[in-house]
Amino acid sequence: MRVYNFSAGPATMPLEVLERAQSELTDWRGSGMSVTEMSHRSPEFVSIAAEAEARMRSLLGVPDDYAVLFLQGGATGQFAAVPLNLAAVGATAAYVNTGAWSKKAIAEGRNHLDVRVVADEKDSGYATVPAPGSLEVPADAAYLHYTLNETIGGVEFPYVPDAGDVPLVTDASSTILSRPLDVSRFGVIYAGAQKNLGPAGLTVVVVRKDLLGRARPETPSVLHWQAMAEADSMLNTPPTLAWYLVGLVLEWVEQQGGLEAMAQRNRAKAELLYGAIDSSDFWSNPVDADARSWMNVPFLAPDPALDKPFLAAAAEAGLSGLGGHRSVGGMRASIYNAMPLEGVQALVDLMTDFEKQNG
Ligand code: PMP
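Only a predicted model underlies this, so the values are computations on that prediction, with no experimental measurement involved. (Residues numbered from 1 in each chain as written. Predicted model: local features only at pLDDT ≥ 70, side-chain atom pairs only at ≥ 80, totals over all residues.)

## With respect to the overall build of the protein chain
Right, on to step 1. Each helix and strand counted, the protein chain has nine helices and 13 strands in total.
Right, on to step 2. Relative to a compact globule of 359 residues, whose C-alpha radius of gyration would be 21 Å, the protein chain shows 21 Å and is just as compact.
Right, on to step 3. Dimensions along the principal axes, computed over C-alpha positions, put the protein chain at roughly 60 × 55 × 30 Å.
Right, on to step 4. Taking all 359 residues of the protein chain together, 46% fall into the buried category. (Helix = DSSP H or I, 4+ residues; strand = E, 2+ residues; numbered from the N terminus. Rg over C-alpha atoms; globule rule 2.2 N^0.38 Å. Buried ≥ 20, exposed ≤ 12 C-beta atoms within 10 Å, placed from the backbone.)

This is how it looks when you write it as structure tokens:
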């Protein structure tokens, strides 16, 4: 029996994708071998890679003047790749701090350049995003970096910040493909795959081509966007199986109706869960109503001593991965694209029952 898996990442996958992969695992479409056994230079794998890129471009609406890269090293690798590819030694870059993942990006950025934090949401306990129009970005900044969705805090930007002529860079790891995004507003969008795109091991980077060519000479080649763009992301051996699986997930998203349809489903799921939390005086969510994530929903019981019994009841009911991040405790439901509404309904039913017994 499959459980409803609310893990923040690696995360639940569409069952259809897993079954398709299973059926193709030992013999990919008559090739007589598994994708994991193919040379990354073979025509078969090159076609798998190209198809995934084409699907990513069409789903996300990536304009032609952007490169789409499939890299390794996770979003964490990109925390370093961003300054190395965009800014000279001693340059300044602007960062927005909305929580745990922003802080990691800022800490890595500081290893490579002068970081100017232009907004820090600490006064709200990282329960807010800066007000639209409030950011003052230095004109000489190499870029403005922000975290589109804070996976731990459950804080998501409902708007695209205005950085003027300064290239806008975002970590979209936990929200990419959950709803439409105007790519043309960005210089760079990057995301680890292990939430909405598929398995861990692949990192997608969408970069405006005029920003290629700024990399520091010492940039490691596996993080070097221009070198990777010129080599179709195959400067070295890519994570072939992960790339293939991401391609299957993209095909699945297409079959669901693309990002408008994903957005409708994700909005309905988020409204169901936040609605249940807000209509209860037992459960709570600390995030400002305007900044609540559609993907990661932290929720708290009135007493932390109730966390363990709740998580035990959840496991009993076939609901997995609901423990909050180890740094914050409480509970968190990650409700990515592949989580059906029925899973969220099962969670809400359990929360209602638990409240009746313990409220
Ligand atoms: N940024 C965000 C928003 C994340 O959620 C995560 C992973 N949870 C990371 C960065 C780090 O990603 P990775 O583990 O792929 O390096």
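## Here we look at the sheet that holds strand β2 (residues 66-71)
Right, on to step 1. The mixed open sheet is built from seven strands, whose spatial order is β2-β10-β9-β8-β5-β3-β4. Two strands bound the open sheet, and with one partner strand each, they are β2 and β4 (114-120). With direction set aside, neighbouring strand axes in the sheet form an average angle of 20 degrees.
Right, on to step 2. Sheet topology places strand β3 (residues 92-97) next to β4; six bridges connect them, and they run parallel. Paired with T92 across the strands is D114, a residue of β4. (Pairing = 2+ DSSP bridges. Axes fitted to C-alpha atoms, helices over the stretch in contact; angles between N-to-C directions.)

## Considerations on helix α7 (residues 258-278)
Right, on to step 1. The terminal C-alpha atoms of α7 lie 30 Å apart, and with 21 residues this matches the ideal 30 Å at 1.5 Å per residue to within 8%.
Right, on to step 2. Where α7 is concerned, the buried positions are L259, M262, R265, N266, K269, A270 and L273. Down the axis of α7, the sector holding all buried residues measures 130 degrees, keeping them to one side. Exposed side chains of α7 directed beyond 90 degrees from the buried face belong to E260, E271, G275 and D278.
Right, on to step 3. Contact partners of the buried residues in α7: α2 (43-60), α6 (240-255), β11 (296-299), β13 (331-334) and α9 (341-358). (Expected span 1.5 Å × (residues − 1). Arc of directions from axis to C-beta. Contact = placed C-beta atoms within 7 Å.)

## Brief notes about the UniProt feature "modified residue: N6-(pyridoxal phosphate)lysine" (unreviewed entry) in the protein chain
Right, on to step 1. Mapped onto the present numbering, the UniProt feature "modified residue: N6-(pyridoxal phosphate)lysine" (unreviewed entry) falls at K195.
Right, on to step 2. Within the secondary structure, K195 is located in the loop between β9 (188-192) and β10 (203-208).
Right, on to step 3. Owing to 30 C-beta atoms within 10 Å, K195 belongs among the buried residues under this scheme. (UniProt positions renumbered as here; feature names shortened; annotations may be inferred.)

## With respect to the site of the ligand
Right, on to step 1. Surveying the vicinity of the ligand reveals the residues G9, G74, A75, T76, W101, T147, T151, D171, S173, S174 and G192.
Right, on to step 2. Ranked by the residues each element gives to the shell around the ligand, the list is headed by helix α3 (residues 74-86), at three residues. (Near = placed C-beta within 6 Å.)

## Details of the UniProt feature "binding site: L-glutamate" (unreviewed entry) in the protein chain
Right, on to step 1. Here, the residues flagged by UniProt with the feature "binding site: L-glutamate" (unreviewed entry) are R41.
Right, on to step 2. Along the polypeptide, R41 turns up in the loop between α1 (15-24) and α2.
Right, on to step 3. With 9 C-beta atoms packed within 10 Å, R41 lands in the exposed category.

## So, α9
Right, on to step 1. Over its 18 residues, α9 extends 26 Å from the first C-alpha to the last, a length consistent with the 26 Å expected when each residue adds 1.5 Å.
Right, on to step 2. Residues G343, V344, L347 and M351 constitute the buried set of α9. Seen from one end, α9 has its buried residues packed into an arc of 95 degrees, which puts them on one side. Opposite the packed face of α9, turned more than 90 degrees from it, sit the exposed residues E342, D353, K356 and Q357.
Right, on to step 3. Taken together, the buried residues of α9 touch β1 (4-5), α7, β12 (319-320) and β13.

## Concerning the nonpolar core
Right, on to step 1. Judged by nonpolar contacts, the single largest core of 107 residues is most densely connected at V188, V204, V246 and I335.
Right, on to step 2. In terms of residues, this core owes the most to one element, α6, which gives nine residues.
Right, on to step 3. With residues up to four places along the chain from it excluded, the contact list for V204 reads M56, V68, F70, Y190, A191, A193 and L197. (Core = buried A, V, L, I, M, F, W, Y, C linked by C-beta atoms within 7 Å.)

## Thoughts on the pairing of β10
Two faces, one strand: in a regular strand the side chains alternate between the faces of the sheet.
Right, on to step 1. Counted residue by residue, β10 has five buried out of six residues, so it is predominantly covered.
Right, on to step 2. Of the pairings in the sheet, the one linking β2 to β10 comprises six bridges and is antiparallel in character. Along β10, the bridge assignment pairs L71 with T203.

## Details of the domain arrangement of the protein chain
Right, on to step 1. Domain parsing of the protein chain yields domain 1 (24-255) and domain 2 (257-358).
Right, on to step 2. Centre-to-centre, using C-alpha coordinates, domain 1 lies 27 Å away from domain 2.
Right, on to step 3. Opposite the 24 residues of domain 1 that make contact, domain 2 presents 24 residues.
Right, on to step 4. Mapped onto the side of domain 1 that touches domain 2, the elements with two or more residues apiece are β7 (155-156) and α6. (Domains from an automatic or database assignment.)

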